[in-house]
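# Geometric and topological summary
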Amino acid sequence: MWAVVFWGLTWTPARADSGHFKVDKLQVAGRVMGLKAEDLDADGKKDLVAVFVSGRPPNAARHLAVFFGAAGAPQILHPPANAAFLDLADVDGDGRRAIVLGDSRGLSVWRISGNRFEASPQPLVKVSGLLALPSDDDLPFFDVARDWDGDGKTEILVPILDGVAVFTRGNDGWTRSGTLRLPPQASHVVRAEQYEPRLRNFAARITYVVPELISADYDGDGKLDLCAVYEDSLQVHQGGAGATVFSEKASARHALGAKTDLEAARDTAHVHSTLRDLDGDGVVDLVVNKITGGLQQMRAETAVFYGKKGGGFDPPTQVLKRDGYSGAIAFADLDGDGKPELVMPFVTVGLSEMARVLLSKRMRVGFEMRKNRGRRFSVEPESTVEVDFVVDTSRLADVDGPFPSVSGDYNGDGKSDFLAMHATDQLGVWLGGGETLMSDVPRALVHVTPSKHFVVTDLDGDKKSDLLIFYRHKEPANQIMVLRNTGQGW
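Residues numbered from 1 in each chain as written. Predicted model: local features only at pLDDT ≥ 70, side-chain atom pairs only at ≥ 80, totals over all residues. Heavy atoms only, no water.

### Thoughts on the confidence of the model for the chain
Looking at the chain, pLDDT values average 88 and 89% of them are 70 or higher. Here residues 1-16 scores under 50 on pLDDT; set against residues more than four positions off or in separate chains, the count is 59 contacts. (pLDDT = per-residue confidence, 0-100. Contact = heavy atoms within 4.5 Å.)

Following this line, the structure appears as structure tokens:
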């Protein structure tokens, strides 16, 4: 089976070609495993929190490096051994972001004092049954604390064994205000019952799947609801429920049935759903993307469901079908009209095509831009940007390089732009806009090793996107490349 995995490429020196970006390098004493950019000290500029690891399992040690202003020497923090994840959030209502640590017993917090964090984390909330076991060499960022209901205050939603625990902050501090009936899905494999010689030794393997939680107005009442999405299954907890923030019981459930019974039984279909207000009517809409088949008969289907006032969805107004791979769709306002366009990668998949890929060790993927025309998208794309990936055949036919992004606005004109690998040692930026939605050629090229791991953000608040790149398991694994947008040449 053909697999797609995006890894960083061989290291080459970094330089900006035409003055669009200034490239800085930040270093840590280990391998950078994760990176987050937030304004920690409320000065209007983004700071960086990097997770890095020194040593190798079982003697690996996890650390945090905090770069204030995304520059200079970092403050180094050492998380407790039982920490399983972290988040950045305003937990005191003062506009500053603390570092929130989660473990199996609850949450603790590193607060900022002046321009540095306190020496050790302090307890924040306790909760039993939290799905949080530490990893030997990783400490992922997991979004649990933010303004979930749009009231301007931070709430905490953490998954536990029998649901999602809700914490709110009052005059007496943080208290548990309820539990949403939204338990994770569990999958068990016991070695004695299901012998699998390809797997490493184990007695039992248990996987918990926590649905993606999205705040959106499901029924058009002007209040954000909590939508839990897993493949083509949607569960809604109504907003405005007082102290519990969202209704503890589900107010609506949708099982769209994108998979046939045979596809579900054989697990031969990949389904991904996206929630977004596509037509600007204040009600969230739903897009379900399904990919079926293998090398000989791969097919893609994308169905668009528009939401209704009062809740629910109309039957799909548009279904885009095609042979080949067309998944990992994205939405972005490419023309500045306030409505998101549909961006779809597409590649023909078949035995002859895969043979050519294996021989040439290259794969060209077309990213198609379809205009939002109200309650329909263009059937034919307005433009296509082709990205030429290198194929690594050392294990499987995997492609190397970053997955393109439409989350940035690099020239500050209010239109989303397209960032992708332009060559094995280059990144390119295509500007959004015009009748074709996207420029024919990249406006900016920067010589920097492309990587799967990158962050698009606005570091200095000038409404022009900057870029952060790190390499995790590739060299230089100890560096963070900071590409600062100069605002020149666009």
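### Some thoughts on a nonpolar patch on the surface
A cluster of nonpolar side chains, namely Leu161, Ile206 and Tyr208, defines an oily patch on the protein surface of about 300 Å² accessible area. As for its placement among the helices and strands, Tyr208 is situated in strand 18 (residues 204-209). Judged by its relative accessible area of 41%, Tyr208 falls in the partly exposed class. (Patch = residues over 30% accessible without salt bridge, like charges linked within 9 Å, V, L, I, M, F, W, Y side chains within 5 Å. Areas by Shrake-Rupley, 256 points an atom, 1.4 Å probe, with all protein chains shown as cover. Salt bridge = Lys/Arg side-chain N within 4 Å of Asp/Glu carboxyl O. Helix = DSSP H or I, 4+ residues; strand = E, 2+ residues; numbered from the N terminus. Buried < 20%, exposed > 50% of the residue type's maximum accessible area, 1.4 Å probe, protein only.)

### What about the environment of Ala37?
Along the chain, Ala37 falls in strand 3 (residues 31-38). A relative accessible area of 10% means that Ala37 is categorised as buried. For the pair Ala37 and Ala50, spaced 13 residues apart in the sequence, the C-alpha separation amounts to 8.8 Å. Excluding residues that lie within four positions of it along the chain, Ala37 makes contacts with Lys46, Asp47, Leu48, Thr457 and Leu468.

### Quick look at unusual backbone geometry
A negative phi angle is the norm for most residues apart from glycine, just as the trans form is the norm for most peptide bonds. Cis geometry marks the peptide bond from Glu475 to Pro476; its omega dihedral reads 0°. Among the structural elements, Pro476 can be located in the loop between strand 37 (466-470) and strand 38 (479-485). The backbone of Ala70 sits at a positive phi, close to 55°, despite the residue not being glycine.

### As for the pairing of strand 4 (residues 47-54)
Counted residue by residue, strand 4 has seven buried out of eight residues, so it is predominantly covered. Sheet topology places strand 3 next to strand 4; seven bridges connect them, and they run antiparallel. Bridged to Gly34 within strand 4 is Val51. When strand 4 meets strand 5 (residues 61-67), the two strands line up antiparallel, connected through seven bridges. (Pairing = 2+ DSSP bridges.)

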